[in-house]
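Chain and residue survey
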Number of protein chains: 2
Amino acid sequence: MDALLVSPGSDLRYLTGYDAKPLERLTCLVLPSSGTPVLIAPHLERAAAVASGIEQLGVEIVTWQETQDPYALTATLVSGGVVALDNHMWAEKVLALAEAMPGVEQRLAGPVLRELRMRKTPQEVEALREAGAAIDRVHTRMGEWLRAGRTEREVGADIADAILAEGHATVDFVIVGSGPNGASPHHEVSDRVIEAGDTVVVDIGGTTPAGYCSDCTRNYVVGGTPDAEYAAYFAVLREAQQAQCEHARAGVTAESVDAVGRQVIADAGYGELFIHRTGHGIGLETHEEPYVVEGNDLVLEAGMAFSIEPGIYLEGRHGARIEDIVVCTADGVERLNLTTRDVVALP
Amino acid sequence: MDALLVSPGSDLRYLTGYDAKPLERLTCLVLPSSGTPVLIAPHLERAAAVASGIEQLGVEIVTWQETQDPYALTATLVSGGVVALDNHMWAEKVLALAEAMPGVEQRLAGPVLRELRMRKTPQEVEALREAGAAIDRVHTRMGEWLRAGRTEREVGADIADAILAEGHATVDFVIVGSGPNGASPHHEVSDRVIEAGDTVVVDIGGTTPAGYCSDCTRNYVVGGTPDAEYAAYFAVLREAQQAQCEHARAGVTAESVDAVGRQVIADAGYGELFIHRTGHGIGLETHEEPYVVEGNDLVLEAGMAFSIEPGIYLEGRHGARIEDIVVCTADGVERLNLTTRDVVALP
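Within any chain, residue numbers begin from 1 and follow the written order of that chain's sequence. As they are written, the chains are lettered A onward and the ligands numbered 1 onward, keeping that order. Restriction of local features to residues with pLDDT of at least 70 applies here, the model being predicted, together with a cutoff of 80 or more for giving and counting side-chain atom pairs; totals for whole chains, interfaces and linings are based on all residues. The side-chain values count all of the structure's non-hydrogen atoms but skip hydrogen atoms and water molecules.

Some details on the overall build of chain A
To keep it simple, the criterion reads: Where helices and strands are cited, they refer to DSSP runs of H or I of at least four residues and of E of at least two residues respectively, numbered from the N terminus. Relative accessible area decides the class of each residue, using a 1.4 Å probe on protein chains only: under 20% of the type maximum gives buried, over 50% gives exposed, and in between gives partly exposed. Residues are treated as being in contact if the distance between any of their heavy atoms lies within 4.5 Å. Working definition of accessibility: Shrake-Rupley area with a 1.4 Å probe, residue cover restricted to the visible protein chains.
For chain A, the count of helices and strands is nine helices and 17 strands. Seen through its C-alpha atoms, chain A measures out along the principal axes to roughly 65 × 40 × 35 Å. For chain A, with 347 residues in total, the buried portion stands at 56%. Considering only contacts within chain A whose residues lie at least 6 apart along the sequence, 64% involve residues at least 24 apart. Accessible surface, chain A: about 12900 Å² in total, of which carbon and sulfur atoms supply 52%.

Below, the structure is given as C-alpha cells:
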C-alpha cells in the first residue's frame, strides 16, 4: 500500500489524538508509506486541528476553502497505485476519492490498523478499567430506577443520566429488555410498562472522556421471582459464561472461546436459543476486533480486550445475557466488570 | 439505477422509520427499481426490525446467521448493472459489496434521496419547530451556567444536561468558544477558564425523540462589555444575518443567500474574516442538503429548512456567529429560533 487515508473516527483518534467529528466536509489524514503525513482539513477547522496537537506528531496541516475541491487536493498528495481507506469512511468520500484518483486501487485500512488497535497498551487497559468501573457503578444503582409500573423508556432515560453522572462523556446505548423484549438481543427501549415478576436484560455502555468504551449486561427480576424455565436456562448461561472466562487467555483462539460456551449451552439443550456470537473487541469503539465468533482462528494475546456475553433467548417469553469485558493476560483474563452475575432481585 | 442499497442511518430512518444503529454487522435495505424491497438484517436484530413496523410498509425481512456472508446474500437480490449506496455507508461495506457484485457500478444514492429529504412535509416542519423551541429554552437558561471562573468544559457539561432536560433525546454537539476560542468555528470545549469580560460563542444542538435536529448559535459576554472592535463587527454580523433572513425565500438560489450576507460583511471590511459558508440544511441530520454556499445554484422551495449562520472570526482575539434555523415559505422564511440575536450580557 502506498498510503492510508483516514477520515474522522476512532482510527484517526487512535493514530493522532484528533477527535474530529465525521461530517460532510472532508477531513482526511494522508499517511504515506514514506514521507510526511498530511492532514487535509476544512479551513474553518484549522484551529481545532492545531489544538489537538497533531502538528507535534510531525503531521502537516493543509486546509481547503469552502469552494475548493478537497478530493483533488488529496489526490495530489498520493503517489502510487494502492490506497487503504479507514473502514468507516463514508461512501460519498470513498467514491469521490475513487473519482479523483482514477486507476488507484482502494483497499481497507482495517487489516493494518487492527494489528495496532487490538493490542492494548497498559495505558489503554487502565482506561478500559476505568470505563468498566464507571458502568459497574450504574448497574449497582439499578434499584433506584428499575421497578414495575414504569416504562422501559423512563427507566432508560434515568440510566442514561447515570451513565453520564458516573463518569462517561457520552451514552452509547441503553437496552432495557423487559419480559418478552429480553428475547431481542438488540432491543433498545420501548413504551412497554414493566410488570411485577418481569425479568429484565439491562445492557448499557458509554464512552469516557479518554475515549474508551464500557459495555456490560446484567439481569434483573422486578417484584417477584423468575419462572422455572428462566431459572433453568439462566443457571446454564451462568455456567457457560464462567467457563468461557476461565478458558480465555493468551494462546487460545478467539473461536475456541465461543465454542466453549456454546458447548455448555448446547449440552443443556438450549443451543438453538444462543443466536449470536460470544463477543466483540472493545477500545475506542464499542465493537472492534477481535470478534469472538466461530471461524475466527486468531490466537489471543496479552492485552487483547473483548466482551464475553453469551445469551439465551426464548422468543415471546424472556431472555438473558451475561456480559463482562475482559482483558487477556498470560495466564487468563482480567474481568473489568465485577458486579454480581446472578439475577438481581429488585423490589 | 437498478437498486438503492441503504445501510443504517438517517436515510434508512427516513425511508422506513427503522432507526437501526450503524454497526459492523450488515443491515441493508435493498430497494429495487421494481419488485419487493428487502431488508437484509442480522438474525439477532430480527425482532428489532419487526418492532420498527418496517414489514407494514411492504418490506420483506431476510436475516443472516453469524457465520453467513451477508454480502453474498445481498448480491443475490440485485439484478442489473448499477446500484446506488447511501452516502454514509461505511467503506468496509462499500468495498465488500463491490467484491460481492463484480461488474456492478456503484453510485451514490444522495442525488435521489436529497430530492425527497430536503423538501420537508408539514409534519417535519412541526418536528423542526419543536426542536428549535427546545434549544431556545436552553439558550434562555444560559445565565445559570455561563460565568467567569468556570471552564468551558464545565459549562458545556451543564449545557449538555439541559439539552436533554429541555426535550432532546441526544446531545449532538456543544461549542463553548470563550475569548480567543470563539475564533475557531468548530471549537468544542476546552479547559480554558472563562474570564471576566470574555465574549463567548455558544453553538449547540441535539436530536429530539422524533429524530429531528436543533442547531442554534448565540453570543454572550460575561461580567463585562465587549471591546470596541468586537462591538463594531458584531453590529455588521447582526445586519448581515438579518439581510440574509429577509432575502431567503422560495424562488431565490441557495448561493444568493450566502452572497447577500457576504456582501454586507465585505462592504464593512471584514470579508476575509467570514471563513465559512452561510449554512446547511437540517432535518434528520444536523448537516444535510441544501448547503447555503457559493456555487450552489439550487432554487429554494417552500419547505426547505436550513441554517443561516454567518460568522466573523478575529484569530487570537475573539469571534462571533449568529445562527437561526429557517424554513422557506412562499414569501419569506419562518425562523425556528426566536431568542434575541444581540449579544446577551451575563453577570
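Comments concerning the nonpolar core
Condition: Each nonpolar core is a collection of buried residues, namely Ala, Val, Leu, Ile, Met, Phe, Trp, Tyr and Cys, held together in the definition by side-chain atoms within 4.5 Å.
Within the largest apolar cluster, 37 residues are counted, with the highest numbers of intra-cluster contacts made by L5(A), M89(A), V94(A), L5(B), M89(B) and V94(B). Those residues in contact with M89(A) that sit more than four places away from it in its chain are L5(A), S7(A), C28(A), V94(A), L97(A), M89(B), W90(B) and A91(B).

What about the relation of the copies chain A and chain B?
For the pair of chain copies, the relating transformation is a rotation about an axis with a translation along it. The condition that has to hold: Least squares is the method used to superpose the copies, on C-alpha atoms of residues holding a pLDDT of at least 70 in both.
At an RMSD of 0.0 Å, chain A and chain B line up after a rotation of 180° and a shift of 0.0 Å along the axis. A rotation of that kind, with that shift, is consistent with a two-fold axis. Closest approach to the rotation axis among the C-alpha atoms of chain A is made by W90(A), whose C-alpha sits 2.5 Å away. Residue by residue, 100% of the interface of chain A is reproduced at the interface of chain B, so both copies engage with the same surface.

With respect to unusual backbone geometry
Geometrically, the link from E289(A) to P290(A) is a cis peptide bond, its omega value of 0° lying close to zero. Assignment of secondary structure puts P290(A) in strand 11 (residues 288–292).

Some points on the interface of chain A and chain B
Just so we agree on the cut-off: Buried area is a sum: the accessible area each of two parts loses on coming together, probed at 1.4 Å, counted once for each and added. What counts as a salt bridge is simple: a side-chain nitrogen of Lys or Arg found within 4 Å of a carboxyl oxygen of Asp or Glu. By the criterion applied in these results, polar contacts are pairs of N or O atoms within 3.5 Å in which, for protein atoms, one can donate a hydrogen and the other can accept it, and in which residues neighboring in sequence qualify only through two side-chain atoms. Residues were grouped as follows: Ala, Val, Leu, Ile, Met, Phe, Trp, Tyr, Cys and Pro as nonpolar; Asp, Glu, Lys and Arg as charged; and all remaining residues, including Gly, as polar.
If you look at the interface, chain A gives 38 residues, while chain B gives 38 residues. Together chain A and chain B conceal approximately 3400 Å² of surface at their shared face, both sides included; 61% is due to carbon and sulfur atoms. A per-residue breakdown of the area chain A buries against chain B is headed by L44(A), L95(A) and H186(A), which together make up 17% of the total. For the interface between chain A and chain B, the tally reads four salt bridges. Notably, a salt bridge pairs E188(A) with K21(B), separated by 3.7 Å at the nearest N-O pair. Where chain A touches chain B, the interface holds 16 residue pairs in polar contact (both at pLDDT 80 or more). Those elements giving two or more residues to the side of chain A that touches chain B turn out to be helix 2 (46–51), helix 4 (91–100), strand 6 (105–108) and strand 7 (170–178) of chain A. Tallied by class, the residues present in the side of chain A that touches chain B amount to 16 nonpolar, nine polar and 13 charged.

Considering the pairing of strand 15 (residues 324–329) of chain A
Looking along a regular strand, one sees side chains alternate from face to face of the sheet. Residue and element names in this part refer to chain A. Threshold: By this definition, two strands are paired if DSSP reports at least two bridges between them.
The element strand 15 is extensively covered by neighbouring structure, given that five of its six residues are classed as buried. Direction of pairing for strand 12 (residues 305–308) relative to strand 15: antiparallel, over a ladder of four bridges. Across the sheet, the residue bridging to I308 is D324, located in strand 15. Note that strand 15 and strand 16 (residues 332–335) share four bridges and pair antiparallel. Looking at the pairing, C328 lines up with V333 of strand 16. If you look at the hairpin formed by strand 15 and strand 16, you'll find two residues sitting between the two strands.

Digging into the pattern of salt bridges
Residue and element names in this part refer to chain A. Scanning the entire structure with this criterion turns up 64 salt bridges over all chains. R119 is the partner of E115 in a salt bridge, and the nearest nitrogen-oxygen pair spans 3.0 Å. What makes E115 partly exposed here is its relative accessible area of 35%. Overall, R119 belongs to the partly exposed group, its relative accessible area being 27%.

Notes on the side chain of N337(A)
All names here are of chain A. Structurally, the position occupied by N337 is in the loop between strand 16 and strand 17 (344–346). Judged by relative accessible area, which is 1%, N337 ranks as buried. In this structure the side chain of N337 is engaged in a polar contact, spanning 2.8 Å, whose partner is the backbone nitrogen of I325.

A short note on the sheet that holds strand 4 (residues 60–64) of chain A
Residue and element names in this part refer to chain A. To be explicit about the condition: The axes are straight lines fitted to the C-alpha atoms, using for helices just the contacting stretch, and the angles between their N-to-C directions are given from 0 to 180°.
The strand order across the open sheet built from six strands is 4-3-2-1-5-6, with neighbouring strands paired in mixed fashion. One side of each edge strand has no neighbouring strand; the edge strands of this open sheet are strand 4 and strand 6. Shown here is a sheet whose adjacent strand axes are inclined to one another by a mean of 25°, direction ignored. Relative to strand 3 (residues 38–42), strand 2 (residues 28–32) runs antiparallel, the two sharing three bridges. Counterpart to L29 in the pairing with strand 3 is L39. Seen against the sheet, helix 4 touches strand 1 (3–6), strand 5 (82–85) and strand 6 and runs at an angle of roughly 150° to strand 6.

Brief notes about the sheet that holds strand 7 of chain A
Residue and element names in this part refer to chain A. Read across the sheet, four strands follow the order 7-8-9-17 without closing on themselves; strand pairing throughout is mixed. Bordering the open sheet on either side are strand 7 and strand 17, each of which pairs with just one other strand. Averaged over all pairs of adjacent strands, the angle between strand axes in this sheet comes to 25°, irrespective of strand direction. Bridge count between strand 7 and strand 8 (residues 199–207): eight bridges; the pairing is antiparallel.

Overview of the domain arrangement of chain A
All names here are of chain A. Operational definition: An automatic or database domain assignment supplies the start and end points of every domain.
Assigned domains within chain A: domain 1 (3–116) and domain 2 (122–346). Each of domain 1 and domain 2 has a C-alpha centre, and the two are 35 Å apart. On the side of domain 2, seven residues touch domain 1, which itself brings five residues to the contact. Together domain 1 and domain 2 conceal approximately 540 Å² of surface at their shared face, both sides included; 54% is due to carbon and sulfur atoms.

Concerning the packing of aromatic side chains
Residues and elements named next belong to chain A. Short version of the rule: Any pair of Phe, Tyr and Trp rings, taking the six-membered ring for Trp, is counted once the centres come within 6.5 Å. Such a pair is stacked with planes under 30 degrees apart, edge-to-face with planes over 60 apart, and tilted for the rest.
Tallied over the entire structure, the rule returns six aromatic pairs over all chains. Plain terms: the ring middles of Y233 and Y270 are 6.0 Å apart, the flat faces sit at 70° to each other, and that makes the pair edge-to-face. Of the two residues, Y233 sits in helix 8 (residues 228–247) while Y270 sits in the loop between helix 9 (254–267) and strand 10 (279–281), which places them 37 residues apart along the sequence. Both residues of the pair, Y233 and Y270, belong to the buried class. Within the aromatic cluster, the residues linked to one another by ring pairs are Y230, Y233, F234 and Y270.

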